[in-house]
Amino acid sequence: MTTPATTARSVPAEADRHRAPGLLEGALHTELTPEGCDLGYWFRAVPEGTLGGDPMGRTDDVPVPAHMLEDGPLRQAVMQELAFRSVAEEKAARALGHLVACAPDLAGMDFYTTQLMDEARHAYAFRGHLLELGVPEKDLEAVMEELAGADRDAILTPLEEFGLAVLRDGGDYIGGVITLTVLVEGVLAPTAELSERKWRPFDPPAAQIERAAGIDEIRHLSVGTTIVRRHLRDHPEDRPRIAELIGRGTELWSRLPVGELTLRRETLFQQGLEQHRDIAGDHEVWPGRRLVDTTAEERMRTAAEWAERTQRSRLADMGIAP
């Protein structure tokens, strides 16, 4: 008979919702392999360990607070964020189908099959919380289009076109891994970490959903790093091509209006923060810094610093000079 204690011991720490590190720490320090994170690992670790049996990755005993059901800047900020994140995760899941198809070995195929499932679940969970926030199911698609359609076209579509040129058109497995690990998740992960931290006092269910998604992203970043490091060890002649791909991707990022999107959302959040300072209380968004004492610009600047540090660390782990 399986007891809760036995179940907890069978779930690796990095996949356990109670023991896993935060996304930022995990992205910097966790080392995992595709062989170690195969289908068996996923079925043992994720449904119960990360999600606790809930497909959205949250607990029933944490209801949506009343203030998040009232129209205002906090609700608008989280809805814009969730709609955009859901669309982004959906696009990632669709692109991963090409990565699964061109994987050169079973370990890679199995791992990216699990990542495809993870990204599809993230999109499902973010949509699900929009429903919890009061969006009628019949209107969900239209509301998401209103909230995120323009940002999708300005930011996600160019990234998607870049990735599909590498994966679908070029059949470039390592290029696809690089695109996901360095140019997409490696940049967005710190923003997701900030999101989880800032929503904890205001929207605990959203923070729980972000936490579960973040645990998955640690695995994605770590395994992707291992795959690229092995490839460059075995094929050092491919280093210039990989560096050129990263350069093109970085240049694309620099032209996208990500800063404008982030500032818009953080400004809304700041307005809500000023309205509900009592709810935030002494909650620290990072050690020694209370959320109520931060500004939109400071949070953006900090997330950008986290993103740069994460990307540099991952590139170094891959054996690529940042």
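Structural data are supplied above this passage.
Not measured: the values here are computed from a predicted model.

Colleague: Let's hear about the overall build of the protein: which residues, and what values?
Modeller: Looking only at helices and strands, one finds twelve helices and two strands in the protein. Overall size of the protein, expressed as C-alpha extent along the three principal axes, is 55 × 55 × 45 Å. The contacts in the protein between residues at least 6 apart in sequence include a share of 82% that link residues at least 24 apart. When the accessible area of the protein is evaluated, it comes to approximately 14100 Å², of which 55% is carbon and sulfur surface. Positive and negative charge centroids in the protein, built from 36 and 55 side chains respectively, lie 3 Å apart.

Colleague: If you had to explain the pattern of salt bridges to someone new, which residues and values would you point to?
Modeller: Two side chains of opposite charge can pair, provided their charged atoms sit close to one another. Using the criterion set out here, one finds 31 salt bridges in the structure. The salt bridge involving lysine 91 is made with glutamate 160; its shortest N-O contact spans 2.8 Å. A residue pair is termed long-range when its members are at least 10 positions apart, and lysine 91 in helix α4 (residues 73-102) and glutamate 160 in helix α6 (residues 140-169) qualify at 69 residues. Through salt bridges with shared partners, a single network forms among Glu81, Lys198, Glu266 and Arg299.

Colleague: Mind laying out the packing of α6 against helix α9 (residues 239-255), listing which residues take part and the relevant values?
Modeller: It is at 10 Å that the axes of α6 and α9 come closest, and there the two elements cross at 165°. Judged by the angle between their axes, α6 and α9 are roughly antiparallel. Every pair of crossing elements has a handedness; the one defined by α6 and α9 is right-handed. Within the contact between the two elements, α6 uses Pro158, Leu159, Phe162 and Val166 and α9 uses Leu245, Arg248, Gly249, Leu252 and Trp253. Across the contact of α6 with α9, the residue classes tally to seven nonpolar, one polar and one charged.

Colleague: Describe in detail the nonpolar core, supporting the description with residues and values.
Modeller: If you look at the biggest cluster of nonpolar residues, it comprises 79 residues, and the most contacted ones within it are Tyr112, Ile178 and Ile320. With sequence-adjacent residues up to four places away left out, isoleucine 320 is seen in contact with Ile178, Val228, Leu232, Arg239, Ile242, Ile246 and Leu315. The next biggest cluster of nonpolar side chains, apart from the first, holds six residues, and it includes Leu23, Ala189, Ala192 and Ile218.

Colleague: Let's hear about α6: which residues, and what values?
Modeller: The end-to-end C-alpha distance of α6, which contains 30 residues, comes to just 32 Å, noticeably less than the 44 Å that a straight helix rising 1.5 Å per residue would cover. The largest bend in α6 comes to about 60°, at alanine 148. After α6 finishes, the residue glycine 171 shows a positive phi value of roughly 55°.

Colleague: Quick rundown of the packing of aromatic side chains? Include the residues and the values.
Modeller: Under the counting rule described, the total for this entry stands at six aromatic pairs. Their ring planes at 85° and their centres at 5.2 Å tell us that tryptophan 42 and phenylalanine 43 sit as a pair that is edge-to-face. By relative accessible area, which is 57% here, phenylalanine 43 ends up exposed. Between the aromatic rings of tyrosine 112 and tyrosine 173, the centroid separation amounts to 6.2 Å while the plane-to-plane angle is 85°, which identifies the pairing as edge-to-face.

Colleague: I'd like a rundown of the state of the cysteines, residues and numbers included.
Modeller: Taken as a whole, this structure holds zero disulfides when the rule is applied. The cysteine cysteine 37 is free of any disulfide, with cysteine 102 supplying the nearest cysteine sulfur at 19 Å. When its relative accessible area of 22% is taken as the criterion, cysteine 102 is described as partly exposed.

Colleague: Mind laying out the environment of proline 236, listing which residues take part and the relevant values?
Modeller: Within the secondary structure, proline 236 sits in the loop between α8 (204-234) and α9. Between the alpha carbons of proline 236 and methionine 68 there is a distance of 52 Å; along the sequence they are 168 residues apart.

Colleague: How would you explain the packing of α4 against α6 if you had to name every residue and give the values?
Modeller: Running from amino to carboxyl end, α4 crosses α6 at an angle of 25°, the nearest separation of the two axes being 9 Å. By the angle between their axes, α4 is roughly parallel relative to α6. Helix-helix and strand crossings are classified by hand; for α4 and α6 the assignment is right-handed. Here the residues of the contact of α4 with α6 are counted per class, giving 16 nonpolar, five polar and five charged.

Colleague: Residues and numbers for the side chain of arginine 299, please.
Modeller: With respect to the helices, strands and loops of the structure, arginine 299 is situated in helix α12 (residues 296-318). When sequence neighbours within four positions are dropped, the list of residues in contact with arginine 299 reads Leu194, Glu266, Phe269, Gln270, Leu273, Trp286, Leu291 and Thr294.

Colleague: Run through the environment of alanine 192, naming residues and quoting values.
Modeller: When you line up the elements, alanine 192 lands in helix α7 (residues 173-199). Alanine 192 sits in the buried class, given a relative accessible area of 12%. Once the C-alpha coordinates of alanine 192 and threonine 114 are considered, the two residues, 78 residues apart in sequence, prove to be 20 Å apart. Look past the residues within four positions of alanine 192 in its chain and what remains in contact with it is Leu23, Arg85 and Glu210.

Thresholds applied
Residues numbered from 1 in each chain as written. Predicted model: local features only at pLDDT ≥ 70, side-chain atom pairs only at ≥ 80, totals over all residues. Heavy atoms only, no water. Helix = DSSP H or I, 4+ residues; strand = E, 2+ residues; numbered from the N terminus. Contact = heavy atoms within 4.5 Å. Areas by Shrake-Rupley, 256 points an atom, 1.4 Å probe, with all protein chains shown as cover. Lys, Arg positive; Asp, Glu negative; His and termini not counted. Charge placed at Lys NZ, Arg CZ, Asp CG, Glu CD. Salt bridge = Lys/Arg side-chain N within 4 Å of Asp/Glu carboxyl O. Axes fitted to C-alpha atoms, helices over the stretch in contact; angles between N-to-C directions. Parallel < 35°, antiparallel > 145°, perpendicular 65-115°, else oblique. Left-handed = near helix turned anticlockwise from the far one by under 90°. Nonpolar A, V, L, I, M, F, W, Y, C, P; charged D, E, K, R; others polar. Core = buried A, V, L, I, M, F, W, Y, C linked by side-chain atoms within 4.5 Å. Buried < 20%, exposed > 50% of the residue type's maximum accessible area, 1.4 Å probe, protein only. Expected span 1.5 Å × (residues − 1). Bend = angle between axes of the 7 residues up to and from the residue. Phe/Tyr/Trp six-rings, centres within 6.5 Å; stacked < 30°, edge-to-face > 60°. Disulfide = S-S within 2.5 Å.

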